[in-house]
Amino acid sequence: MGNTTALKVLCTTLLIEKSPQALPLGVACIASAIKNDPRTKDFYDVELQDFCLEDPEMAGIFAGATDGGKEAAEERAGLYLAGELAKKEPRIVLFSVYVWNHVVLERAARCLKKIKPEIITVAGGPEVTASPFVFEGFDYTIAGAGEEASVLLLQALAGNAGKKELPQIPGLYFLDGKPGIFEFRRTAPCLPDRLYSPYLDGTLDVSRYGGALWELARGCPFKCSYCYESKGEKKVSYFPMERIKKEIELFAEKKVPQVFVLDPTYNASKDRALKMLRLIEEKTPDTFYYFEARAEFIDRELAKAFSRVHCALQIGMQSADPEVLKNVNRTMDRKKFIKNIGYLNEEGVTFGFDLIYGLPGDTLKGFKNSIDFALSLYPNNLELFCLSVLPGTDLYDSAKDFSLVWQHQPPYNVLSTPQFPEGELKKAASLAKAVNLFYTKGRAVSWFNCVVYHLHKKPTAFLGEFEKYLKEEKVSLLPEPSLLEIRKLQKDFVKRQFAKARLEKYTDIVLDMIELYGAMSDADGEGKSSTVKLRYWPEDVLSEYAMDLPFFCANAESHRCTVKVQPSAEGAVFKIL
């Protein structure tokens, strides 16, 4: 910057982990706006500085902190962050606040003001948008998309206006370090064609994070009451294709290995979704993409298009009970849902489902029914979450009408409902851990339904017994078992289940499935080569006939062999040694 009198601005946040999913895109967009907008670019020297809970210093602060010691650890973490920020000698610090960093960042802002009272502190992000006037640690808060409001605020501050003389800026609140009561107004939505790309201007270095978060649009056509989007505009605004093409060309140039698309409903527009998939296929054929999609909008053409790129879809089912979904402004047509998911299975597209326990009107039995329904459709993963009653959502406003009891501090988890009391929620949480370990972490999709079918059990009955098995065997989930350890648990548990059902004659083929499909998933997922010992020929184990255990055992010849499985450009391959 040519202007030597430029004021130092730090844009900062605290990340939950070091991963592409946790990349600081939101605060980077604010930094890009200030750096590039003609109203501010000549007055400020802008720097992005992110911290992470996995950094050695932060990890050391929180190591071993129990619930009783968490508050003291958060205080120390806030003091540490304030010290690091103060070293940069900023004039203004903008904080991006989320559920996981709310408390620490507010304490950091307070400590920073004690170290250097002249520093101006500003907070934005989802937590601030929900309740912009309850924070006590910041001079200003911004509710809503922050690019325009941040630029207007810094433009006014650069003009040496006193704090209390600033113009009225929609979504901007002057707190002066104290809570206040204001008329609530969000900022006006920022039009995507007027926003700057933090990737293209160098604010974000994709090579640093091992991947990218990618915005193709803002907004959502739905108003699910538990989501921050429930109070947003019920429409989608798309980023210009010119910007998108430049960003994807940058991803190609940098050889970005994975990209997480942030759009809450990627396939809200089928035509645009298809156009984007063709661009992805052409420009970045070796990059893996993650999309959030709605099953209602998937058809055969879209499934085929997804199958031509390296990708995975995450689909928000939330519940399989239409009455429960109605309570949170969602719908489900079961027949259509099954049909559209069938297109993904036919085309070999990787996909998973999200389910929430504790929704208004749901029960433990209903949650189990949702799991059973979800697993019958062969998802590659099942993500199970406790309901969070997030401030700033429609559900937060109506929570008392549903007689919900929830935490009023992050993570805002529901504690009980009339239909889902506290004890049942704890059972759901315990079952969720067992499902995650055995099915999702254990990559059991290829053989799971075969096993439960021949045991004549519902998936949740089988997984509930796995949950008891973990307790009986005193299996610790901290730290999380490795893939090899999980596979060992799967084999031991399945072997016991088949013995208990007097189906020992099928044990060998099922154990071979677990071994071989596991090795192939390791090759595809981690690029890992491995050697497994089988009791049957690998071609037979992978055949459709193996899923019919009585037929297979009556017709297949046992043949002990050693098989090497390794990755290739076409996927996992094997050879008999």
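See the structure shown above.
Below or above, wherever it landed, is the structure these notes cover. (Residues numbered from 1 in each chain as written. Predicted model: local features only at pLDDT ≥ 70, side-chain atom pairs only at ≥ 80, totals over all residues. Heavy atoms only, no water.)

## Quick word on the overall build of the protein
Of regular secondary structure, the protein possesses 21 helices and 19 strands. Per-residue burial for the protein yields a buried fraction of 52% across its 577 residues. Relative to all contacts within the protein whose residues are 6 or more apart in sequence, the contacts with residues 24 or more apart total 72%. In the form shown here, the protein has an accessible surface area of approximately 26700 Å², with 51% of it arising from carbon and sulfur atoms. Put simply, the protein has 74 plus and 78 minus side-chain charges, and the middle of one group is 2 Å from the middle of the other. (Helix = DSSP H or I, 4+ residues; strand = E, 2+ residues; numbered from the N terminus. Buried < 20%, exposed > 50% of the residue type's maximum accessible area, 1.4 Å probe, protein only. Contact = heavy atoms within 4.5 Å. Areas by Shrake-Rupley, 256 points an atom, 1.4 Å probe, with all protein chains shown as cover. Lys, Arg positive; Asp, Glu negative; His and termini not counted. Charge placed at Lys NZ, Arg CZ, Asp CG, Glu CD.)

## Points about the nonpolar core
Within soluble globular proteins, side chains that are nonpolar tend to cluster in buried spots. Of all hydrophobic cores here, the largest spans 154 residues; its most connected members are Tyr199, Trp214, Phe291, Phe337, Phe353, Phe438 and Phe462. No other element matches helix 19 (residues 507-526), which puts 10 residues into this core. Look past the residues within four positions of Phe438 in its chain and what remains in contact with it is Arg443, Ala444, Trp447, Phe448, Phe462, Leu463, Phe466, Gln490, Phe493 and Val494. (Core = buried A, V, L, I, M, F, W, Y, C linked by side-chain atoms within 4.5 Å.)

## Some points on the side chain of Asp354
Within the fold, Asp354 resides in strand 13 (residues 350-357). The side chain of Asp354 sits in the buried core without any salt bridge; Arg330 is the nearest counter-charge, 8.4 Å away. A polar contact of 2.9 Å, which involves the side chain of Asp354, links it to the side chain of Gln314. Setting aside its immediate chain neighbours within four residues, Asp354 contacts Gln314, Ile315, Gly316, Met317, Gln318, Glu383 and Phe385. (Salt bridge = Lys/Arg side-chain N within 4 Å of Asp/Glu carboxyl O. Polar contact = N/O pair within 3.5 Å; in protein donor to acceptor, adjacent residues only side chain to side chain.)

## Remarks on the pairing of strand 19 (residues 573-576)
Two strands pair when backbone bridges link them, and strand 18 (residues 561-566) and strand 19 are joined in this way by 4 bridges, in the antiparallel orientation. Note that in strand 19 the partner of Lys564 across the bridge is Lys575. Hairpin connection between strand 18 and strand 19: a loop of 6 residues separates the two successive antiparallel strands, and Gly571 in this loop has a positive phi of roughly 115°. (Pairing = 2+ DSSP bridges.)

## Structural notes on the side chain of Asp263
Turning to its location among the elements, Asp263 is positioned in the loop between strand 10 (258-261) and helix 9 (270-283). Arg272 is the oppositely charged side chain nearest to the buried, salt-bridge-free Asp263, at an N-O distance of 6.2 Å. At a separation of 3.1 Å, a polar atom in the side chain of Asp263 contacts the main-chain amide nitrogen of Leu216. Look past the residues within four positions of Asp263 in its chain and what remains in contact with it is Trp214, Glu215, Leu216, Ala217 and Glu292.

## Brief notes about the sheet that holds strand 14 (residues 381-386)
The 6 strands are arranged 7-10-11-12-13-14 in an open sheet whose pairing can be described as parallel. Both outer strands of the open sheet, strand 7 (212-214) and strand 14, are each paired with one neighbouring strand and no more. Between one strand and the next, the sheet's axes are offset by a mean angle of 20°, whatever the strand orientation. When strand 13 meets strand 14, the two strands line up parallel, connected through 6 bridges. (Axes fitted to C-alpha atoms, helices over the stretch in contact; angles between N-to-C directions.)

## Description of helix 15 (residues 422-441)
With 20 residues, helix 15 extends 27 Å between its outermost C-alpha atoms, agreeing within 8% with the 28 Å of an ideal straight helix rising 1.5 Å per residue. Within helix 15, the axis deviates most sharply at Val435, by approximately 25°. Of all the positions in helix 15, only Leu425, Ala428, Ser430, Leu431, Ala432, Ala434, Val435, Leu437, Phe438, Tyr439 and Thr440 are classed as buried. (Expected span 1.5 Å × (residues − 1). Bend = angle between axes of the 7 residues up to and from the residue.)

## Notes on the packing of helix 8 (residues 241-254) against helix 9
Viewed as axis vectors pointing N to C, helix 8 and helix 9 meet at an angle of 30°, and their least axial separation amounts to 10 Å. Compared by their axis directions, helix 8 and helix 9 come out roughly parallel. Both helix 8 and helix 9 take part in a crossing whose hand is right-handed. When helix 8 is examined against helix 9, the residues Met241, Ile244, Lys245, Ile248, Glu249 and Ala252 are found in contact with a partner set consisting of Arg272, Lys275, Met276, Leu279, Ile280 and Lys283. Of the residues in the contact of helix 8 with helix 9, the class split is 7 nonpolar, no polar and 5 charged. (Parallel < 35°, antiparallel > 145°, perpendicular 65-115°, else oblique. Left-handed = near helix turned anticlockwise from the far one by under 90°. Nonpolar A, V, L, I, M, F, W, Y, C, P; charged D, E, K, R; others polar.)

## Overview of the packing of aromatic side chains
In total, this model carries 31 aromatic pairs according to the counting rule given. A ring pair is formed by Tyr266 and Phe291, whose centres lie 4.4 Å apart and whose planes are at 40°; its orientation type is tilted. Of the two residues, Tyr266 sits in the loop between strand 10 and helix 9 while Phe291 sits in strand 11 (residues 288-293), which places them 25 residues apart along the sequence. Taken individually, Tyr266 and Phe291 each receive the classification buried, so the pair is uniform in this respect. Each residue in the set Phe438, Tyr439, Trp447, Phe448, Phe462, Phe466, Tyr469 and Phe493 is aromatic and connected to the rest through ring pairs, giving one cluster. Its end group placed over the ring of Phe222, Arg294 keeps NZ or CZ at 3.8 Å from the ring centre. It is Arg334 that lies over the ring of Phe373; its NZ or CZ is 4.2 Å from the centre. (Phe/Tyr/Trp six-rings, centres within 6.5 Å; stacked < 30°, edge-to-face > 60°. Lys NZ or Arg CZ within 6 Å of the ring centre and 35° of its normal.)

## Observations concerning the sheet that holds strand 17 (residues 530-534)
The antiparallel open sheet is built from 3 strands, whose spatial order is 17-18-19. With one partner strand each, in any of the chains shown, strand 17 and strand 19 form the two edges of the open sheet. Sheet twist, expressed as the mean angle between neighbouring strand axes with direction ignored, is 30°. Packed on one face of the sheet, helix 19 meets strand 17 and strand 18 and runs near 165° to strand 17.

## So, the pattern of salt bridges
Following the criterion strictly, the structure yields 38 salt bridges and no others. Here Lys87 ties to Glu84 by a salt bridge, and the two come within 2.9 Å at their closest N and O atoms. Of the two residues, Lys87 and Glu84 both sit in helix 3 (residues 70-87), 3 residues apart, roughly one turn of that helix. The closest approach of N and O atoms between Glu526 and Arg443, which form a salt bridge, is 2.7 Å. In this pair, Glu526 is assigned in helix 19 and Arg443 in the loop between helix 15 and helix 16 (448-454), connecting sequence segments 83 residues apart. The exposure class of Glu526 is partly exposed, given its relative accessible area of 45%.

## Quick word on the pairing of strand 2 (residues 44-52)
Within strand 2, 7 of the 9 residues are buried, leaving the element largely enclosed by the surrounding structure. As paired elements, strand 1 (residues 7-15) and strand 2 share 9 bridges and run parallel to each other. Within the sheet, the bridge partner assigned to Thr13 lies in strand 2 and is Asp50. Tracing the backbone out of strand 1, into helix 1 (residues 25-36) and back to the parallel element strand 2 gives a crossover that is right-handed. (Right-handed = clockwise from strand over helix to strand, strands pointing away.)

## Some thoughts on the environment of Ala293
Inspection of the secondary structure puts Ala293 in strand 11. Between the alpha carbons of Ala293 and Asn267 there is a distance of 5.8 Å; along the sequence they are 26 residues apart. Look past the residues within four positions of Ala293 in its chain and what remains in contact with it is Asn267, Gln314, Ile315 and Gly316.

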